[in-house]
Amino acid sequence: MMGHIGINVPDLRAAKAYYDRVMPLLGMEEFFSAADEFAYRPANGKPGTFLFFYPAREEGGYSRHRSGLQHLAFMVKTRTAVRAAHALAVELGAPVLHEPQEFPQYPPPYYATFWLDPFGIMLEAVCHHARD
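Just so we're clear, the structure is a prediction, and the values are computed from it rather than from any experiment. (Residues numbered from 1 in each chain as written. Predicted model: local features only at pLDDT ≥ 70, side-chain atom pairs only at ≥ 80, totals over all residues. Heavy atoms only, no water.)

## Here we look at the environment of Ala-35
Thought 1: Tracing the sequence through the fold places Ala-35 in the loop between β2 (28–34) and β3 (37–42).
Thought 2: On a C-alpha basis, the gap between Ala-35 and Val-9 in space is 14 Å, while along the polypeptide they are 26 residues apart. (Helix = DSSP H or I, 4+ residues; strand = E, 2+ residues; numbered from the N terminus.)

## Some remarks on the nonpolar core
Thought 1: One finds Leu-26, Phe-53 and Trp-115 to be the most contacted residues of the largest nonpolar core, which totals 30 residues.
Thought 2: Of all elements in the fold, only β1 (4–9), α1 (12–22), β3, β4 (50–55), β5 (71–75), α2 (79–91), β7 (111–116) and β8 (122–127) reach the threshold of two or more residues within this core.
Thought 3: Other than its neighbours up to four places away in sequence, Phe-53 contacts Ile-7, Val-9, Leu-12, Tyr-19, Glu-37, Phe-38 and Tyr-40.
Thought 4: One finds Phe-103, Leu-116, Met-122 and Val-126 within the second-largest nonpolar core, a separate group that totals 7 residues. (Core = buried A, V, L, I, M, F, W, Y, C linked by side-chain atoms within 4.5 Å. Buried < 20%, exposed > 50% of the residue type's maximum accessible area, 1.4 Å probe, protein only. Contact = heavy atoms within 4.5 Å.)

## Some points on the sheet that holds β3
Whenever strands of a sheet pair, they do so through backbone hydrogen bonds, lying parallel or antiparallel.
Thought 1: Taken in spatial order, the 4 strands make up an open sheet running β1-β4-β3-β2, and their pairing is mixed. Of all strands in the sheet, those with a lone pairing partner are β1 and β2, marking the two edges. For this sheet, the mean angle separating the axes of adjacent strands, direction not counted, is 20°.
Thought 2: When β3 meets β4, the two strands line up antiparallel, connected through 3 bridges. Following the sheet pairing, Ala-39 is matched in β4 by Phe-52.
Thought 3: Across the sheet, α1 lies against β1, β2, β3 and β4, angled at about 20° from β3, the strand it touches most. (Pairing = 2+ DSSP bridges. Axes fitted to C-alpha atoms, helices over the stretch in contact; angles between N-to-C directions.)

## Some points on α1
In an α-helix, one turn spans 3.6 residues, which is why side chains three or four residues apart end up on the same side.
Thought 1: Leu-12, Ala-15, Lys-16, Tyr-18, Tyr-19 and Val-22 are the residues of α1 that are buried.
Thought 2: Measuring from the side-chain oxygen of the N-cap residue of α1 to the backbone nitrogen of Arg-13 gives 3.2 Å; that N-cap residue is Asp-11. (Polar contact = N/O pair within 3.5 Å; in protein donor to acceptor, adjacent residues only side chain to side chain.)

## A few points about the packing of aromatic side chains
Thought 1: The full count for this structure, using the stated rule, is 14 aromatic pairs.
Thought 2: The interplanar angle of 80° and the centroid separation of 5.5 Å between the aromatic rings of Phe-103 and Phe-114 together place this pair among those described as edge-to-face. In this pair, Phe-103 is assigned in the loop between β6 (96–102) and β7 and Phe-114 in strand β7, connecting sequence segments 11 residues apart. Like Phe-103, the residue Phe-114 is buried in the burial classification. (Phe/Tyr/Trp six-rings, centres within 6.5 Å; stacked < 30°, edge-to-face > 60°.)

This is the structure in structure tokens:
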């Protein structure tokens, strides 16, 4: 199991405001918050990967098409949770790349939605069950 992932963002305050809204829907809770970084962990003491955010120290835009992070996928328990993540992304004005749907090109069942965070990082909510 991976311990944690660190992501640099150009605006730490904006990232915190955004992810504080999104992470609870994806099964994550705040781990800690400081002036120079913040982090989330799997909710309710569940095992899993922690996610840390740091201020970017160099200028330059992010691209999932260059070497580096391609996207972050969060496994959720139900298809309803996938749709809730999509609804929140729309509410927050996030560009939606794929609305909630089955992806037959991946091992079934694979029901997911994809969107971009305020910095262009692609996020995914995926359910590997055929249940609502």
